[in-house]
Amino acid sequence: MNGSAPGASPGLFAERVGRIGTEEAFKLGPLLTEVEADGRGRVIRCNLGQPDFPLPTHITEAVVDALRAGHTTYCDPQGLPELRRAIAASVGGERGLEVDPRRVVVYPGSRPSIGLTQHAYVRAGDEVVYPTPGYPLYESFVEYVGGTPVPVPLQEDSGFALTGEELAPHLSLRTRLIYLNFPSNPTGGVASEEQLAGLAETILERTPPTTRVYSDEAYEAIVFDGARHVSIASLPGMAERTIIASAVSKTYSWTGGRVGWAVFPTVEEALVQRNLNINYYASIPPYSQLGAKVALESPASPPAIATMVEAFRRRRDFVVDDLNQIPGIRCQLPRGAFYAFPNISGVVESLEAEAAFAALPEEIRRRSSPATLFALFLLYRYRVATMDRRSFGVRGSEGRHFLRISVATGDEDLREALRRLQQAAADRKGFADFVRSGERLAY
Ligand SMILES: Cc1ncc(COP(=O)(O)O)c(C=O)c1O
């Protein structure tokens, strides 16, 4: 599972760096450049985890104003007090909770709090529970910090929903952290209040009061069909257990702003994170934080978000429809986020990708899968970039054949990508030649 296993230079690295995983999405960039280097056309990017909308102007202006006003120095390592107040009001107001700004910690994006909560809570052998398929960084950190990974498989036939009953067998007195992510990356699952009540009941029953739920709500604003985002922290007894995490990255189409936050159950826990921030970053750029404050408070933000969400909904509808027309592919309708997550088992079967995979050397098989081979074939021969199932949690990915297709790409590009996907899915000879060429069989 490891992303940077030391070995090429014996004796150079500490053993622990071999235990951290990675986010494959970042490995794809150089491959796209490699494919495009022949000058025979650009790759259609359906791999991206970032909205394809510009940063709303009122936020850009706030950042520029802050830069001009000289907000370019170190600042409070826990986050600017005025931003923490804005986060407390927004997170608390939307979830019906009283949030003390002293419980809020600002980070450079959503990512850092995933690893830093593991640093803070997980002792040797403690169990860390997370969904699979799920955002890869939950799994990535566990062995790095000496914990035991406990993946909870999400089932396609129950719409990838995670119920209390499904979670129960994975919990124990050793459970220290439970990652939940609604709306979900990569499945687009949105939890109902009833489902969250079942999860809360199970967690309260089966784990000690020191167990923390990390509720990753990075896609909180991107829900469709009248669905409403509900946080598990809003349920009785859960605010005391839950770390609520989110960021400006998806909601305001601002992945480069690098502002995220987490609300901790106690001030004591927030102060531990504050100290980790001091050690790692000193502080987060104040001009970005001032832009984030405007993003959270400005009346110009909700209409900008609504325009983006409506575009994602419209694209989701035709992408899922078109995917379901392709022989060998079936795709559920995601209710949030901006990804389709089609099952491509029929394609894997008709291209005999499992047999092709089984015949590969062990060194490649360790880093690949039949769906990876198809995703790479699609990239190298049809110039469409997607992500494979294995990129969303290695454990439990065996025998599961899915792709993640981001709809954060223009309509025409998406339609063309689907045409190419259909051709690739039927190209038995092309696939066999590609695998035989050995050009690129793992990320
Ligand atoms: C579920 C989830 N959580 C967290 C993140 C990290 O977001 P950020 O860019 O704010 O670090 C992502 C990014 O793709 C995500 O999908």
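For the structure, check the block above.
Residues numbered from 1 in each chain as written. Predicted model: local features only at pLDDT ≥ 70, side-chain atom pairs only at ≥ 80, totals over all residues. Heavy atoms only, no water.

Caption draft 1: How the structure looks around the overall build of the chain. Counting its secondary structure elements, the chain contains 17 helices and 12 strands. On C-alpha atoms alone, the chain measures out to a radius of gyration of 22 Å, which is about the 22 Å that the 2.2 N^0.38 rule sets for 443 residues. With the principal axes as the frame, the chain shows a C-alpha extent of 60 × 50 × 50 Å. For the chain, with 443 residues in total, the buried portion stands at 56%. Restricting the contact set of the chain to residue pairs at least 6 apart, pairs at least 24 apart contribute 74%. Per element, the accessible surface of the chain, about 18,200 Å² overall, is 52% carbon and sulfur. (Helix = DSSP H or I, 4+ residues; strand = E, 2+ residues; numbered from the N terminus. Rg over C-alpha atoms; globule rule 2.2 N^0.38 Å. Buried < 20%, exposed > 50% of the residue type's maximum accessible area, 1.4 Å probe, protein only. Contact = heavy atoms within 4.5 Å. Areas by Shrake-Rupley, 256 points an atom, 1.4 Å probe, with all protein chains shown as cover.)

Caption draft 2: The nonpolar core, seen in detail. By size, the foremost hydrophobic cluster in this structure holds 91 residues, and its most contacted members are Leu323, Phe374, Leu379 and Leu421. If one sorts the elements of this core by residue count, helix α15 (residues 370-382) sits on top with 10 residues. Those residues within four positions of Leu421 in sequence are excluded, and the remaining contacts are Leu323, Ile326, Ile329, Phe374, Leu378, Leu403 and Ile405. Ranked by size, the runner-up nonpolar core spans 23 residues in total, among them Phe160, Phe182, Leu199 and Val230. (Core = buried A, V, L, I, M, F, W, Y, C linked by side-chain atoms within 4.5 Å.)

Caption draft 3: How the structure looks around the side chain of Ser215. Locating Ser215 in the fold gives a position in strand β6 (residues 212-216). Residues within four places of Ser215 in sequence aside, it is in contact with Leu180, Ser231, Ile232, Thr242, Ile243, Ile244 and Ala245.

Caption draft 4: Quick peek at the side chain of Glu220. In this structure, Glu220 sits in the loop between β6 and β7 (242-247). A polar contact is formed between the side chain of Glu220 and the side chain of Arg95, at a distance of 2.9 Å. In this structure the side chain of Glu220 is engaged in a polar contact, spanning 2.5 Å, whose partner is the side chain of Ser246. The contact partners of Glu220, leaving out residues within four places of it in the chain, are Glu94, Arg95, Pro183, His229, Ser246 and Thr251. (Polar contact = N/O pair within 3.5 Å; in protein donor to acceptor, adjacent residues only side chain to side chain.)

Caption draft 5: Main features of the pairing of β7. With six of six residues buried, β7 is to be regarded as a mostly interior element. Residue alternation in β7 divides its side chains into two sets, Thr242, Ile244 and Ser246 and Ile243, Ala245 and Ala247, and both sets are buried. Note: β6 against β7, four bridges, orientation parallel. Pairing of Tyr214 across the sheet is with Ile243, part of β7. Here four bridges tie β7 to strand β8 (residues 260-263), and the two strands are oriented antiparallel to one another. Looking across to β8, one finds that Ile244 is bridged to Val263. (Pairing = 2+ DSSP bridges.)

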